[in-house]
Amino acid sequence: MNVLIVEDEARIAAFIERGLRAEGFGVQVAPDGELGYALATSEDVDLVLLDLLLPGMSGEQLLERLRAVRPQVPVIVLTAKDAVEDRVRNLNNGADDYVTKPFSFAELLARVQARLRSMDQQSAVILDVGGVELDLRSHTARYEGREVSLTSREFGLLETFLRHPDQVLSQVQLMDRVWGYDFEPGSNVVEVYVGYLRRKFDKQLIETVRGAGYRFRSSP
Ligand code: CA
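Description of the structure in this document. (Residues numbered from 1 in each chain as written. Predicted model: local features only at pLDDT ≥ 70, side-chain atom pairs only at ≥ 80, totals over all residues. Heavy atoms only, no water.)

**A short note on the coordination of the calcium ion**
Surrounding the calcium ion are the protein donor atoms Asp 8 (OD), Asp 51 (OD) and Leu 53 (O), at 2.1 to 2.3 Å. In the primary sequence, the donor residues of the calcium ion line up as D-x42-D-x1-L. Linking Asp 8 in the loop between strand E1 (2–6) and helix H1 (10–22) with Leu 53 in the loop between strand E3 (47–51) and helix H3 (59–69), this pair joins segments that are 45 residues apart in sequence. Under the relative-accessibility criterion, Asp 8 is labelled partly exposed at 32%. On the basis of relative accessibility, which here comes to 60%, the residue Leu 53 falls in the exposed class. (Donors = N, O, S within 2.8 Å, 3.2 Å for Na, K, Ca; no water. Helix = DSSP H or I, 4+ residues; strand = E, 2+ residues; numbered from the N terminus. Buried < 20%, exposed > 50% of the residue type's maximum accessible area, 1.4 Å probe, protein only.)

Structure below.
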C-alpha cells in the first residue's frame, strides 16, 4: 500500500513517513499542492494524507481537482482548524476523514487503516460492520444473526453508513447519496430514516453528532 503525504511542514511529513514506513507502507512526500496533485492522480497512490494550508495550490483546491479525476481514492485531511463546520465542509468537499493537529501517530494509523479497510469493502458483496451484515446482491440485512427486513431507502442509508464506519456524515451528504435529487430542501427525511434504523437495529448503532450529522459506530 502506498500513501502520499502532502504536507509542507518537513518535520510533520518526516514524522508521518517514519511511522508509516515502519508499518510497511510505501510513502511519497509532496511539500506543495502542485506536486501533491501530480502525484495523487497516479494510480500507484492508494491513500492521500492532505494538509490544508499549503504554499501554492491549497489543500481544498487540490481535493476538488483530485475528486474530478480520481473520485475513489481515500483522502484524509490533516487540519489544525478544529471547528466542526470546517470539518464537515471538508467532508462535503470529498475528504473521507480528517485528523486534527496535533495528532499521535497511533491515531493517524488507525484512521489510515480504517479507510483502507473500507476501500476493500467497496468491491465486496457483503458489508459486515458492527454486527450488521448487508448482502448487496440479495438486498438482505442481518443483525446479530437475525434477518431484518428493510425498505430500499433504509437499505441505501444503512449501506452508506457501513461504507463509512465511525465517520460523521452530514444530513446533506446522506441525502445526496441516498435520495439524490429526490428530496425536499429542508426535509427531515434523514432524521426520520435514522429513527427507523435505530428501531430495527439498536439505538446505539447510529450516533447523532450535534450540529454535524450522524456517525455509525463500528463498536457500539
Ligand atoms: Ca501546512
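**Some thoughts on the nonpolar core**
Judged by nonpolar contacts, the single largest core of 29 residues is most densely connected at Leu 150, Leu 157, Leu 158, Phe 161, Phe 201 and Phe 216. Residue assignment for this core shows that the elements contributing at least two residues are strand E6 (126–129), strand E7 (132–135), strand E8 (140–143), helix H6 (152–163), helix H7 (171–179), helix H8 (189–200) and strand E12 (213–216). The residues touching Phe 216, leaving out its near neighbours within four places in the chain, are Val 129, Val 132, Leu 158, Phe 161, Leu 162, Pro 165, Asp 166, Gln 167, Leu 205 and Ile 206. Membership of the second largest hydrophobic core comes to 20 residues, among which are Val 6, Leu 66, Val 73 and Leu 91. (Core = buried A, V, L, I, M, F, W, Y, C linked by side-chain atoms within 4.5 Å. Contact = heavy atoms within 4.5 Å.)

**Focus on the sheet that holds E6**
Taken in spatial order, the four strands of this open sheet run E6-E7-E8-E9, and their pairing is antiparallel. Of all the strands in the sheet, the pair left with one neighbour each is E6 and strand E9 (146–148). On average, each strand axis in the sheet is inclined to that of its neighbour by 25°, with strand direction left out of account. Where E8 meets E9, three bridges bridge the pair, whose relative direction is antiparallel. Bridging from a neighbouring strand, Ala 141 pairs with Val 148 of E9. In the packing of H6 onto the sheet, the strands contacted are E6, E7 and E8, and the crossing angle to E7 comes to about 115°. (Pairing = 2+ DSSP bridges. Axes fitted to C-alpha atoms, helices over the stretch in contact; angles between N-to-C directions.)

**Thoughts on the packing of H7 against H8**
Interhelical geometry of H7 versus H8 gives an angle of 80° and a closest axis separation of 10 Å. By the angle between their axes, H7 is roughly perpendicular relative to H8. Judged by residue contacts, Gln 171, Leu 174, Met 175 and Trp 179 of H7 engage Val 189, Val 190 and Tyr 193 from H8. Considered class by class, the residues forming the contact of H7 with H8 number six nonpolar, one polar and no charged. (Parallel < 35°, antiparallel > 145°, perpendicular 65-115°, else oblique. Nonpolar A, V, L, I, M, F, W, Y, C, P; charged D, E, K, R; others polar.)

**Digging into the sheet that holds E1**
Strand pairing in a sheet takes place through backbone hydrogen bonds and is either antiparallel or parallel in direction. Spatially, five strands are ordered E2-E1-E3-E4-E5 in an open sheet, and the strand pairing comes out parallel. Two strands close off the open sheet at either side, each with one partner strand: strand E2 (26–30) and strand E5 (97–100). Going across the sheet, the axis of each strand differs from the next one's by a mean of 20°, ignoring polarity. Relative to E2, E1 is paired through five bridges, and the arrangement is parallel. Opposite Val 3, over in E2, you have Val 27 as the bridge partner. In this fold H3 packs onto E1, E3 and strand E4 (75–79), with an angle of close to 150° to the strand it touches most, E3.

**Quick word on the pattern of salt bridges**
Summed over all chains, the structure comprises 13 salt bridges. Here Arg 67 ties to Asp 96 by a salt bridge, and the two come within 3.0 Å at their closest N and O atoms. Of this pair, Arg 67 sits in helix H3 while Asp 96 is found in the loop between helix H4 (84–92) and E5, placing the two residues 29 residues apart along the sequence. Here Arg 115 and Asp 97 are joined by a salt bridge, their closest N and O atoms 3.6 Å apart. Here the residue Arg 115 occupies a position in helix H5 (residues 105–122), and Asp 97 occupies one in strand E5, the gap between them amounting to 18 residues. The network of salt bridges with common partners includes Glu 7, Glu 9, Asp 51 and Lys 101. (Salt bridge = Lys/Arg side-chain N within 4 Å of Asp/Glu carboxyl O.)

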